[in-house]
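Each chain, letter by letter, is given below.
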Amino acid sequence: MRIISGDKRGIQLQAVPGTNTRPTTDKVKEAIFNMIGPYFEGGNGLDLFAGSGNLGLEALSRGLDHMIFVDKDRKAFQTVKDNINKCAYEAHSEVYRNEAERALKAVAKRGLQFECIFLDPPYKNKHLDTYLAFIDEHEMLSEAGVVMCEHDANTEAPDRTGSLVRIKYELYGTTGISIYKREEETHEA
């Protein structure tokens, strides 16, 4: 597992010890960033089920200014911190050990908007629609922002949740990738 592109290209990342996390493969990660970027011109990101921090660190390397990493697992929390240090992104990162729902509520209270939100919950977690609804209700996605959901290929991700519309869906073996954007509102004069 490594940073594929950007200013930290080639840096090897540490995986979370044990079998509780499922790292995103480099092949799938490259496909994700080709769908959502592949590069950014600043902005904030949220990596909600961070694991090793692989996706969020890739986004920082590709131009995001700031990333909030959240994972409830103690080993994942420490691995994210170690990988942030390895990439020298301490000034561009916040790391929290917390449940996803509580973290979303805390972020919403801060009134932050994100250019990129990564939702990569454990495959047994079937609450994508709940997370998407919260993100939409609290207007956490910037006007041009994207939400990337990585899920089991057998999980039916919604085509729409509030103003969030799925614009892309791809399968990579047992992994499904769904990309959401805010629906563009058109007003007639």
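Anything mentioned here points back to the structure above.
Let us look at the structure shown here. (Residues numbered from 1 in each chain as written. Predicted model: local features only at pLDDT ≥ 70, side-chain atom pairs only at ≥ 80, totals over all residues. Heavy atoms only, no water.)

1. With respect to the packing of helix α1 (residues 26–36) against helix α2 (residues 54–61)
When two helices pack together, their arrangement is captured by the angle between the axes and the distance separating the axes.
Thinking step 1. Contact pair α1 / α2: the axes reach a minimum separation of 11 Å and the direction vectors enclose 50°. On the basis of the axis angle, α1 is oblique to α2. The crossing of α1 and α2 is right-handed. Every residue of α2 that contacts α1 at Lys29, Ile32 and Phe33 is listed here: Asn54, Leu55, Glu58 and Ala59.
Thinking step 2. Taken together, the residues of the contact of α1 with α2 sort by class into four nonpolar, one polar and two charged. (Axes fitted to C-alpha atoms, helices over the stretch in contact; angles between N-to-C directions. Helix = DSSP H or I, 4+ residues; strand = E, 2+ residues; numbered from the N terminus. Parallel < 35°, antiparallel > 145°, perpendicular 65-115°, else oblique. Left-handed = near helix turned anticlockwise from the far one by under 90°. Contact = heavy atoms within 4.5 Å. Nonpolar A, V, L, I, M, F, W, Y, C, P; charged D, E, K, R; others polar.)

2. Quick word on the layout of surface pockets
Thinking step 1. Looking at the largest pocket, its volume works out to about 620 Å³.
Thinking step 2. Looking at the largest pocket, it is lined by 32 residues, and the ones nearest its centre are Asn20, Thr21, Phe49, Asp71 and Pro122.
Thinking step 3. Put simply, the parts of the chain that give the lining of the largest pocket at least two residues each are α2 and α4 (100–109).
Thinking step 4. In terms of residue class, the lining of the largest pocket is built from 14 nonpolar, nine polar and nine charged. (1 Å grid on protein atoms, 1.4 Å probe; cavity = no way out; pocket = protein on both sides within 12 Å on 5 of 7 lines; lining within 4 Å. Points joined across faces, edges and corners; volume = space filled by probe spheres on them.)

3. Quick look at the pairing of strand β8 (residues 175–182)
Thinking step 1. Among the eight residues that make up β8, six are buried, leaving the element largely enclosed by the rest of the structure.
Thinking step 2. Across seven bridges, the pairing between strand β5 (residues 141–152) and β8 is antiparallel. Bridging from a neighbouring strand, Glu150 pairs with Ile177 of β8.
Thinking step 3. Of the pairings in the sheet, the one linking strand β7 (residues 164–172) to β8 comprises eight bridges and is antiparallel in character. Bridge pairing in β8 places Lys168 opposite Ile179. (Buried < 20%, exposed > 50% of the residue type's maximum accessible area, 1.4 Å probe, protein only. Pairing = 2+ DSSP bridges.)

4. Description of α2
Thinking step 1. Of all eight residues in α2, eight are buried; the element is thus mostly enclosed.
Thinking step 2. Those residues of α2 not exposed but buried are Asn54, Leu55, Gly56, Leu57, Glu58, Ala59, Leu60 and Ser61.
Thinking step 3. After α2 finishes, the residue Gly63 shows a positive phi value of roughly 120°.

5. Considerations on the nonpolar core
Thinking step 1. Grouped together as the largest cluster of nonpolar side chains are 26 residues, with contacts concentrated most on Ile32, Phe33, Ile36, Leu57, Phe69 and Phe118.
Thinking step 2. Mapped onto this core, the elements with two or more residues apiece are α1, α2, β2 (66–70), α3 (74–87), β4 (114–119), β5 and β8.
Thinking step 3. For this core, the leading source of residues is α1, giving five residues.
Thinking step 4. Non-local contacts of Phe33, meaning those with residues more than four positions away in its chain, are made with Pro38, Phe40, Leu55, Glu58, Ala59, Arg62 and Phe118.
Thinking step 5. Core analysis: the next-biggest nonpolar cluster, separate from the first, contains 24 residues, Val70, Ala100, Leu104 and Cys149 among them. (Core = buried A, V, L, I, M, F, W, Y, C linked by side-chain atoms within 4.5 Å.)

6. Comments concerning the packing of aromatic side chains
Thinking step 1. This model, assessed by the stated rule, comprises three aromatic pairs.
Thinking step 2. Between Phe33 and Phe118, the aromatic rings sit 5.9 Å apart at their centres with planes inclined by 50°, giving tilted as the arrangement. Of the two residues, Phe33 sits in helix α1 while Phe118 sits in strand β4, which places them 85 residues apart along the sequence.
Thinking step 3. Of the residues examined, Phe118 reaches a relative accessible area of 0% and is grouped as buried.
Thinking step 4. Among the aromatic residues, those joined into a ring-pair cluster are Phe33, Phe40 and Phe118.
Thinking step 5. If you follow Arg62 out to its NZ or CZ, it ends over the ring of Tyr39, 5.4 Å from the centre.
Thinking step 6. Sitting above the plane of the Tyr169 ring, Arg166 keeps its charged end 4.7 Å from the centroid. (Phe/Tyr/Trp six-rings, centres within 6.5 Å; stacked < 30°, edge-to-face > 60°. Lys NZ or Arg CZ within 6 Å of the ring centre and 35° of its normal.)

Function cannot be read off these values alone, since they describe shape.
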